[in-house]
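# Fold and geometry: a report
So the chains spell out like this:
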Amino acid sequence: GESAELEPAAALSSLEPTAAASLADSLADAGVLAPGRPLRFVHPIVRTAVYDEIAHADRAALHERAARLLAEAGASSDGVAVHLLATDPAGRDGTVDLLRRAAQEATARGAPDTAARYLRRALAEPPEAGNRAEVLLELGIAATRSGQADALELLREAFRLADSPVVRGPAAIELATALAASCTRAPEAISALESARESAEDPEQVHFLDGMLGGIAIAAPSARAHLAALHERAQEDPSAQGRPVLAPLAADLAVTGANASAVGDLAERALAGGELMRLDIASEAPFAMTAIWALVHAGRFGPAKRAMDEGIALARKRGSPLAVARVSACRSF
């Protein structure tokens, strides 16, 4: 970074603190470091010149050691990950784990591009074979959020490699979300969701997958045959966990000429308690927005606006620019 404390710099150099302090003062006298503490180069040009003169292998080894020292000292995942980006891949599980944690923190503060950089480096390490699908999924999500060109292929590969329902379900959902941007790809999205649903064991995940199926089915004529089965399953399950599928069903009723009161009641049931909006903000899913769209078309503007105000507050708290923009656009309509 721009500066360093004396103690970790001494540890990195394998020096006693008193010897390191003396050498730092001598470097300041020579015009390499600035006087005083913390340690910093007198000018960025000097820093660059010194850094570029270090052989690549030595530099990578120093970055690896710096990362280890910072991790042991309890530094932030971000602070450690910056060093790991400059190391050479060596198949270290600890490196993959730390980069994934740093990516999660970057995503939580609304920096998916940074998360993608960390996860690409984690993939190069590489992760253990059993964890590769998870890392690919996390990278695919970050790449999608930051608009990177290979996002769809990363999600396809994550879904292909996923061999457990715990990973396969989320991979199918993320892949379908990316594919749903183009209705011409609806058959591929439906296929992925149905495949994941067949092996899903968690009831909540099943409801999420049904909700995604419904969302695609109302937008793609080729998938409308799925709606009747989803309507039937929703009637059988009045639980809160069943709410993801209620949103597309309410929207479908709105566009097929149902009574406005029935549309509004179903949409409000979907949004009750704020659970669906929390799910949307956490996952970038479209369920709450779909239910709000149905509310607006049913003429229930008050409940719609309250739900969107809550969504914007949640999105800001999570640090998600995409979610803030999405809910704000819906509210402006």
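One structure accompanies this document, and this report is about it.

Conventions and cut-offs
- Residues numbered from 1 in each chain as written.
- Predicted model: local features only at pLDDT ≥ 70, side-chain atom pairs only at ≥ 80, totals over all residues.
- Heavy atoms only, no water.
- Helix = DSSP H or I, 4+ residues; strand = E, 2+ residues; numbered from the N terminus.
- Expected span 1.5 Å × (residues − 1).
- Buried < 20%, exposed > 50% of the residue type's maximum accessible area, 1.4 Å probe, protein only.
- Arc of directions from axis to C-beta.
- Contact = heavy atoms within 4.5 Å.
- Phe/Tyr/Trp six-rings, centres within 6.5 Å; stacked < 30°, edge-to-face > 60°.
- 1 Å grid on protein atoms, 1.4 Å probe; cavity = no way out; pocket = protein on both sides within 12 Å on 5 of 7 lines; lining within 4 Å.
- Points joined across faces, edges and corners; volume = space filled by probe spheres on them.
- Nonpolar A, V, L, I, M, F, W, Y, C, P; charged D, E, K, R; others polar.

We now examine helix 19 (residues 321–332). Look at helix 19: 16 Å from first C-alpha to last across 12 residues, which is about the 16 Å you get at 1.5 Å a residue. Of all the residues in helix 19, the buried ones are Ala323, Val324, Val327 and Cys330. Down the axis of helix 19, the smallest arc covering the buried residues is 135°, so these residues share one side. For helix 19, the exposed residues set more than 90 degrees away from the buried face come down to Pro321 and Ser332. Looking at the buried side of helix 19, the elements it contacts are helix 16 (275–283), helix 17 (287–297) and helix 18 (301–318).

All told, the structure shown has 1 aromatic pair when counted by the stated rule. Pairing Phe208 with Phe287 gives two aromatic rings, centres 5.2 Å apart and planes at 75°, and the pair type is edge-to-face. Linking Phe208 in helix 12 (residues 203–219) with Phe287 in helix 17, this pair joins segments that are 79 residues apart in sequence. Each member of the pair, Phe208 as well as Phe287, carries the same accessibility label: buried.

Take empty space enclosed by the protein next. Empty space among the atoms can be located by rolling a probe the size of a water molecule over them. Applying the stated criterion across every chain, the model contains 1 cavity of 30 Å³ or more. By volume, the largest cavity is sized at about 30 Å³. If you trace the largest cavity, you find it lined by Ile173, Glu174, Thr177, Phe208, Met212, Ser283, Glu284, Ala285 and Pro286. Among the elements that line the lining of the largest cavity, the one with the most residues is helix 10 (residues 165–179), at 3 residues. Looking at side-chain class alone, the lining of the largest cavity contains 5 nonpolar, 2 polar and 2 charged residues.

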